[in-house]
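Spelled out from the first residue to the last, the chains are:
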Amino acid sequence: MKDNYGIHIWGDNNFIIKNSTVNVHYKNEPSLLEITQNIRNKGYKGPLLLRFPHLIKKQISTLYNEFNRAKKEFNYKGNFQAVFPLKVNQLPNFINALIEVSKEFNYGLEAGSKAELLIAITHTPMGAPITVNGFKDKEMISLCFIAANMGHNITITIEGLGELETIIEVNSEFKNREKITVIPKIGVRIRLHSSGIGVWAKSGGYSSKFGLSSTELLEAYDLIKKHNLLEQLWMIHFHIGSQMSEIAPLKKALREAGNIYADLKTRGATALNAINIGGGLAVEYSQQSHNKELNYSLKEFANDVVFVIKEIAKNKGIEEPDIFTESGRFIASSHSVLIAPVLELFSQDYQEKSLRLKKKNPPLITELNALWISLNRSNAREYLHDALDHMESLLTLFDLGYIDLEDRSNTEILVNLIIKKSILLLNNDATKELKKLQNKIQERYLVNFSIFQSLPDFWGLQQHFPMMPIDKLDIKATNPATIWDITCDSDGEIPFKNHAPLHLHDVDVTKDEYFLAFFLTGAYQEVLGMKHNLFTHPTEVLINFDDKGHYSIEKLIESQNIMDVLDEMNYDKKYIEKKLKYLIEKSNIIEQKEKIKLQEQLDFYLSENSYLKTIQANQTS
Ligand SMILES: Cc1ncc(COP(=O)(O)O)c(C=O)c1O
């Protein structure tokens, strides 16, 4: 059976397999291969990041639609509002597309630093909400006051009592200024005893970095009241951690937060009108149904949030508050796909054409060769065992000096070929033994990208991202594959796993281009990505579709060239250029007439990005 790489599990119908290729499941359904080749034909080589704005829109509208449906179903009176947390992806091509596609939703932005706040102030449509979380100093709080007086609908979330004192100080300073009269709305982040689940769970719970304990909350309430800011206090906020794999912790957190909300409201915080449930809505990254990452759907999530808050409001006799979310991963992850060319297959030396059989071979090699030639489905298991046995003997013979390097090489090739073919022949009878052997014949695919730059959560947290070839899907892929990136770091590897195997095609990349796609990379990866070995953000494009269904390639940003990378590291670009020139000029080895040519060659290299071009002759990457 051909592999569909679990596209029905993680793909959410965004991509489909059509004949041999992965295609965008939208409008004219172009293949990723066609889009990739189109960009590469313009001269852009190396890894490519494709952004699909229609997928951002799909996620935003799905989120709003599900919550509005749940509100209707439970006859919920409060509003539903949402903001995008900038920390998840601040890149301008993404944010500008997000603002463009979300116009009809009054969708806002969440900021966690001064720089993010500036993005929020300049990009959020007037009236759409801005929430400001994270640690803040006086300048950042003053920026919020300035934004409020520009007309923005901005909420400062208090993360600690010190911050509240600064808000009070800034407020009294602004009060004394003429015509600066608007005070931002205030939210309080509460420290719940419920925490989330999974690797990001420590954002919630008693020991979390953020939020006010019950004692601090009561103190904050008294301070807010004392300084006549109760009219501003309108939101309580919590966040129990990203990629929440189970729904139960959310329900617990909602009950806790709902009761805190109701208590403050009945205590006298009459302007309180919103519960912000933070992020955490998870994404299915798994390619195997037995490894699924989450146990709930968006429908269940929305139902639970609306129902639990409604119940608390009813029991406590208070109005149903607005519900706010700051979902980031759910909104951003699906919109981007990283496409990277395969540069080389490392066990291609184990090919029949590389055999160096002699006129007279050691008897065991002659036997191995005979096993290889006559291997078929009925004898595969027996011959495989014989081959493994012969290999042990031949390697011992080599260690004892009875056979030479050519014999040893022939042994390795023949055994590898026999294992590979036996696994293929015995495909429907995959015993433990065969699965173990897959590890022995793993193919190492060298791929033109950096895991540290493009999949940092794989490096740091072993977070899996769906990956598959974008072409040849009409052919069964049989090579158990390990992915190597091009960094000089052994952590730059996605190893083959028996419980979550990746099989790729046996291709000769000197003749045939072969690309891998990595999906769901749009959340967190782009800004967490690091320049290990000075590999920078890949060349990126927006793929938009017109009314006729045709796609266009827009807003192309090429990966930084080598000199710009060095410049950004604060190297003196001019010094490097001058020094290179000088070294060529002063060289006693290079002939005078060659010097100009070499200088031109160098200038060209410096203007190119740092990803690899080719590894082998006749190949373009
Ligand atoms: C306060 C806050 N809101 C929202 C988010 C976004 O979470 P997610 O991407 O899981 O939706 C985070 C992420 O950690 C956060 O800290």
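Shown above is the structure to which this text applies.
Cut-offs and rules
As a convention, each chain's residues are numbered from 1 in the sequence order in which they are written. A pLDDT threshold of at least 70 governs which residues receive local features in this predicted model, and a stricter bar of 80 or more applies before side-chain atom pairs are shown or counted, although totals over entire chains, interfaces and linings include all residues. With hydrogens and water set aside, each side-chain value is computed from the structure's full complement of heavy atoms. Classification of residues uses two cut-offs on accessible area relative to the type maximum, computed with a 1.4 Å probe and protein chains only: under 20% is buried, over 50% is exposed, and between them is partly exposed. Only DSSP runs of H or I covering at least 4 residues are called helices, and only runs of E covering at least 2 are called strands; the numbering of each starts at the N terminus. Being paired, for any two strands, means DSSP has found at least two bridges between them. Residues belong to a common nonpolar core when they are buried Ala, Val, Leu, Ile, Met, Phe, Trp, Tyr or Cys residues joined through side-chain atoms within 4.5 Å. Being near a molecule or strand, for a residue, means having at least one of its heavy atoms within 4 Å of it. Polar contact is the term for a pair of N or O atoms within 3.5 Å; when the atoms are in protein, one must be able to donate a hydrogen and the other to accept it, and sequence-neighboring residues count only if both atoms are side-chain atoms. The method behind every accessible area is Shrake-Rupley, applied with a 1.4 Å probe, and residues are considered shielded solely by the protein chains displayed. Each residue gets one of three labels, nonpolar for Ala, Val, Leu, Ile, Met, Phe, Trp, Tyr, Cys and Pro, charged for Asp, Glu, Lys and Arg, and polar for the others, Gly among them. As a rule, the C-alpha atoms of each element are fitted with a line to give its axis, helices using only the stretch in contact, and angles between N-to-C directions run from 0 to 180 degrees. In what follows, roughly perpendicular refers to angles from 65 to 115 degrees, roughly parallel to angles under 35, roughly antiparallel to angles over 145, and oblique to any angle outside these ranges. The crossing is said to be left-handed when, going from far helix to near helix, the turn is anticlockwise and less than a right angle, and right-handed when the turn is clockwise. Should any heavy atoms of two residues lie within 4.5 Å, those residues are considered in contact. Picture the helix axis, draw a direction to every C-beta atom, and the arc is the one those directions span. Exposure above 30% relative accessible area and the lack of any salt bridge qualify a residue for a patch; like charges then connect within 9 Å, and the nonpolar side chains Val, Leu, Ile, Met, Phe, Trp and Tyr within 5 Å. By definition here, a salt bridge exists when the distance from a side-chain nitrogen of Lys or Arg to a carboxyl oxygen of Asp or Glu is within 4 Å.

In this structure, what is going on with the pairing of strand β18 (residues 515-518)? I would like to understand it.
Moving residue by residue along a regular strand, the side chains alternate between the two faces of the sheet. Residues F515 and A517 line one face of β18 and the alternating positions L516 and F518 line the opposite face, and both faces are buried. Pairing geometry for strand β12 (residues 336-345) and β18, over 4 bridges, is antiparallel. Note that in β18 the partner of L338 across the bridge is F518. Looking at chain direction, strand β14 (residues 467-469) and β18 are connected through 3 bridges and run antiparallel. When the bridges of β18 are listed, M468 appears paired with A517.

What is the right way to look at the nonpolar core in this model?
In a soluble, globular protein the nonpolar side chains are often hidden away together inside. Among the nonpolar cores identified, the biggest contains 93 residues, and F84, L98, F238 and F301 are the most heavily contacted of them. Ranked by residues supplied to this core, first place goes to helix α10 (residues 298-316) with 9 residues. With 53 residues, the next largest nonpolar core counts L48, L338, I339 and Y551 among its residues.

Please explain the site of the ligand as it appears in this structure.
The environment of the ligand is formed by 16 residues, the closest being S242, E326, G328, R329 and Y524. S242 is positioned with one of its side-chain polar atoms (N or O) 2.5 Å from an oxygen atom of the ligand. Y524 is positioned with one of its side-chain polar atoms (N or O) 2.6 Å from an oxygen atom of the ligand. Against a free-state accessible area of 390 Å², the protein chains account for coverage of 92% of the ligand. Residue classes in the shell around the ligand are distributed as 3 nonpolar, 9 polar and 4 charged.

Explanation requested: unusual backbone geometry in the structure shown.
For residues that are not glycine, phi is negative in most cases, and the peptide bond is trans in most cases. In this structure, N19 takes a positive phi of about 55° despite not being glycine. For N19, the position within the fold is in the loop between β1 (15-18) and β2 (21-24). Under the relative-accessibility criterion, N19 is labelled exposed at 70%. Even without being glycine, Q243 reaches a positive phi, approximately 45°. Residue classification places Q243 among the buried residues on the basis of a relative accessible area of 6%.

Would you take a moment to explain the packing of helix α20 (residues 573-586) against helix α21 (residues 592-606) for this structure?
Each pair of packed helices can be summarised by the angle the axes make with each other and by the distance between the axes. Packing of α20 against α21 leaves a shortest axis separation of 10 Å and a crossing angle of 155°. Viewed along their axes, α20 and α21 adopt a mutual orientation that is roughly antiparallel. In this structure, α20 crosses over α21, and the sense of that crossing is right-handed. The residues of α21 that touch α20, namely those facing L580, K581, I584, E585 and K586, are K595, L598, Q599, L602 and L606. Class assignment for the residues of the contact of α20 with α21 results in 5 nonpolar, 1 polar and 4 charged.

How should I be thinking about the sheet that holds strand β4 (residues 80-85) in this particular structure?
By way of backbone hydrogen bonds, the strands of a sheet pair with one another, either parallel or antiparallel. With parallel pairing, 8 strands are arranged side by side around a closed barrel as β4-β5-β6-β7-β8-β9-β10-β11. Averaged over all pairs of adjacent strands, the angle between their axes in this sheet comes to 25°, without regard to strand direction. In the packing of helix α7 (residues 161-175) onto the sheet, contacts are made with β7 (153-158) and β8 (185-189), and the angle to β7 comes to roughly 135°.

Before we go on, may I ask you to explain helix α15 (residues 432-440) in this structure?
Side chains three or four residues apart in an α-helix point the same way, a direct result of the helix having 3.6 residues per turn. Here α15 has its buried residues at L434, L437 and Q438. Down the axis of α15, the sector holding all buried residues measures 115°, keeping them to one side. Set apart from the buried face of α15 by more than 90 degrees, the exposed residues are K432 and K436. The inward-facing, buried residues of α15 abut α13 (380-399), α14 (405-425), β15 (479-484) and β17 (503-504).

Any chance you could explain a nonpolar patch on the surface here in plain terms?
Where nonpolar side chains cluster on the molecular surface, the patch consists of M126, I146 and M150 and spans about 300 Å² of accessible area. Positionally, M126 belongs in the loop between α5 (114-123) and β6 (129-132).

For this particular structure, what's the right way to read the side chain of N23?
Along the polypeptide, N23 turns up in strand β2. What N23 contacts, discounting residues up to four positions off in sequence, is N14, F15, I16, K18, E29, P30, S31 and L32.

Could you clarify how one ought to interpret the pattern of salt bridges in this entry?
Per the counting criterion, the structure on display carries 31 salt bridges. Put simply, E311 and K314 hold a salt bridge, and the shortest N to O gap is 3.7 Å. Residue E311 and its partner K314 are located together in helix α10, separated by 3 residues, close to a single helical turn. Taking the shortest distance from any N to any O, the salt bridge between E594 and K597 comes out at 3.7 Å. Separated by 3 residues within a single helix, E594 and K597 lie in helix α21, roughly one turn from each other. Residue E594 is classed as partly exposed on the basis of its relative accessible area of 32%.

Explain the packing of helix α8 (residues 214-226) against helix α9 (residues 248-267) here, please?
Packing of α8 against α9 leaves a shortest axis separation of 12 Å and a crossing angle of 30°. One element, α8, and the other, α9, form an angle in the roughly parallel class. In the crossing of α8 with α9, the sense of the turn from one axis to the other is right-handed. When α8 is examined against α9, the residues L217, L218 and Y221 are found in contact with a partner set consisting of I260, L264 and R267. Residues belonging to the contact of α8 with α9 are distributed by class as follows: 5 nonpolar, no polar and 1 charged.

As far as function goes, none of this settles anything; it's purely spatial.
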